[in-house]
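Results of the structural survey
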Amino acid sequence: MSPTSRAGKTKFQIDLRRHLREHYINENLTHLICEIAEASKYIIHSISTGDLGVAGTSNLYGEQQLALDVLADRILRKRLDHSRVVANMMSEEMDEIIPVSPDCGGKYSVAFDPLDGSSLVDVNLAVGTIVSIFEGCDLLQSGRNQVAAVYILYGPRTTLVYSVGKGVHEFGMNMLREYTLLQENITLKPQGNLYSPGGQRNLYTPGVEAFVTKLEERGVKLRYSGGFVPDINQILLKGQGVFFYPHLQNLPEGKLRLLFELNPMAYLIEQAGGAASDGRRPILDLQPQQIHERSPVFIGCKKDVALAEEYISQLEDGKGDVVEKKAKT
Ligand code: AHG
Ligand code: MN
Ligand code: MN
């Protein structure tokens, strides 16, 4: 993007739509991402004023749906339904894929987690919305085929982070409730000094336990909020760190959902120069077999993710004990 195209403008005056246009993103994808941004304004309102109770229903995971989960889902679903650029959509709160338009040409399919970390709202911790975007009609593609990923973080400030494959960019919501550019081309260092360990430590498998012990020996600091969006946002904006919600002794597939949480975050983190793995393979190379699939995840600085894979392959996949030598390099 030529600097002259911003003659006289400070970056804070670059709004989301202009930024997408400066990256020559096609009109339909630009419209879709802006519609997601618009929906977030109603989700913010529901968080600050909505009913914090349970909805009396549960999702396909058997998790009790909070009223806010259902409300946020309805807000996004309505917005996408009326956008005229969506072919199919699917969320963590829905039982099956919702067809919006039969023709796929020039349209997108969207998988989303309308309110991630919703159980944190009643203790006033940060929560978010996560969106994964594919071209055409197929939502059961590997994450490598995504054309965009977006998350909105409802924290002390409301921010939006997106990538369409040309870097990762952050926007903040201003007084006029517009998203204006805060920073562009966010990148991660090769190795970090913070870790965000999900799941119960006493249920970690040998490779994961050895990985965490190694991090702690290195003096890495623990930062875990229980919200995937703020925890990943911290790693992105600090430019370093590793988050993991691993396979556990009683939960081999881990907790987080491949389509709605892991694919979009893996896309963003890889765009920022990091890595995302299920402990053995890149998240983005996983071929989902069903829409509600879960996967273990190690995501963040490349070297930290590689270290986790090393320990898992040596101590769980029976490839000897070279870990110490390898990890010392
Ligand atoms: P959701 O609220 O959409 O179900 O997601 C919650 C997820 C994710 O936000 C977080 O990383 C993880 O649950 C935390 O799980 P624990 O409470 O088991 O740590
Ligand atoms: Mn979630
Ligand atoms: Mn959710």
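All values reported here derive from a predicted model rather than from experimental measurement. (Residues numbered from 1 in each chain as written. Chains lettered and ligands numbered in written order. Predicted model: local features only at pLDDT ≥ 70, side-chain atom pairs only at ≥ 80, totals over all residues. Heavy atoms only, no water.)

Some details on the overall build of the protein chain
A tally of regular secondary structure across the protein chain gives 8 helices and 15 strands. Since a compact globule built from 329 residues should have a radius of gyration of about 20 Å, the 20 Å found for the protein chain is in line with a globular shape. With the C-alpha coordinates aligned to their principal axes, the bounding extent of the protein chain is approximately 55 × 50 × 40 Å. Considering the protein chain as a whole, with its 329 residues, one finds that 57% of them fall into the buried category. A fraction of 62% describes how many contacts in the protein chain between residues 6 or more apart in sequence connect residues 24 or more apart. For the protein chain, the accessible area works out to roughly 13900 Å², and carbon and sulfur atoms hold 52% of it. Of the side chains in the protein chain, 35 bear a positive and 40 a negative charge, and the two mean positions are spaced by 7 Å. (Helix = DSSP H or I, 4+ residues; strand = E, 2+ residues; numbered from the N terminus. Rg over C-alpha atoms; globule rule 2.2 N^0.38 Å. Buried < 20%, exposed > 50% of the residue type's maximum accessible area, 1.4 Å probe, protein only. Contact = heavy atoms within 4.5 Å. Areas by Shrake-Rupley, 256 points an atom, 1.4 Å probe, with all protein chains shown as cover. Lys, Arg positive; Asp, Glu negative; His and termini not counted. Charge placed at Lys NZ, Arg CZ, Asp CG, Glu CD.)

Some words on the coordination of the manganese ion (ligand 2)
Note on the manganese ion (ligand 2): its protein donors are Asp113 (OD), Asp116 (OD) and Glu261 (OE). The metal-donor distances range over 1.8 to 2.1 Å. Each donor residue of the manganese ion (ligand 2) belongs to the same chain, with the gaps between them written as D-x2-D-x144-E. The metal-metal distance between the manganese ion (ligand 2) and the manganese ion (ligand 3) is 3.6 Å, with Asp113 serving as a donor to both. One end of the pair, Asp116, is in strand S5 (residues 108–116); the other, Glu261, is in helix H6 (residues 258–271), with 145 residues separating them in the sequence. You'll find Asp116 and Glu261 in the same group, each marked buried. (Donors = N, O, S within 2.8 Å, 3.2 Å for Na, K, Ca; no water.)

Describing the nonpolar core
In this structure, Leu16, Leu29, Leu32, Ile33, Leu80, Ile133 and Leu160 are the most contacted members of the largest nonpolar core, which totals 52 residues. Element by element, the count of residues in this core is highest for helix H2 (residues 27–49), at 10 residues. The two domains that each donate at least three residues to this core are domain 1 (11–183) and domain 2 (194–316). The residues contacting Leu16, other than those within four sequence positions of it, are Ile33, Cys34, Ala37, Leu160, Tyr162, Phe171 and Tyr179. Counting residues in each nonpolar core, the second largest holds 50 residues, with Ile186, Tyr195, Met265 and Leu268 among its members. (Core = buried A, V, L, I, M, F, W, Y, C linked by side-chain atoms within 4.5 Å. Domains from an automatic or database assignment.)

A look at the site of ligand 1
Lining the immediate surroundings of ligand 1 are 16 residues, of which Asp116, Gly117, Tyr224, Tyr245 and Arg257 lie closest. Within the backbone of Phe228, an N or O atom sits 3.0 Å from an oxygen atom of ligand 1. Glu261 is positioned such that a nitrogen or oxygen atom in its side chain is 3.5 Å from an oxygen atom of ligand 1. Burial of ligand 1 by the surrounding chains reaches 80%, relative to a free accessible area of 480 Å². The cavity that encloses ligand 1 is the largest pocket. (Near = heavy atom within 4 Å. Polar contact = N/O pair within 3.5 Å; in protein donor to acceptor, adjacent residues only side chain to side chain. 1 Å grid on protein atoms, 1.4 Å probe; cavity = no way out; pocket = protein on both sides within 12 Å on 5 of 7 lines; lining within 4 Å. Sits in = over half its atoms within 2 Å of the grid points.)

Notes on the side chain of Ser118
Its location among the elements puts Ser118 in the loop between S5 and strand S6 (127–135). By relative accessible area, which is 12% here, Ser118 ends up buried. Not counting the four nearest positions on each side in its chain, Ser118 is found in contact with Leu66, Asp69 and Val127.

Focus on helix H3 (residues 67–81)
With 15 residues, H3 should reach 21 Å at 1.5 Å per residue; the first-to-last C-alpha distance of 21 Å fits that figure. Along H3, the residues that are buried comprise Ala67, Leu68, Asp69, Ala72, Asp73, Ile75, Leu76 and Leu80. (Expected span 1.5 Å × (residues − 1).)

Side note on the sheet that holds strand S14 (residues 275–277)
Taken together, the 5 strands give an open sheet; going across it, the order is S12-S11-S13-S15-S14, and neighbouring strands pair in mixed fashion. The open sheet terminates on both sides in strands that have one partner only, identified here as strand S12 (221–222) and S14. Looking at chain direction, S14 and strand S15 (residues 297–300) are connected through 3 bridges and run antiparallel. Bridge pairing in S15 places Ala275 opposite Gly300. Against the sheet, H6 contacts S14 and S15, and its axis sits at roughly 30° relative to S15. Across the sheet, helix H7 (residues 302–315) is in contact with strand S13 (242–245), S14 and S15; its angle to S15 comes to roughly 155°. (Pairing = 2+ DSSP bridges. Axes fitted to C-alpha atoms, helices over the stretch in contact; angles between N-to-C directions.)

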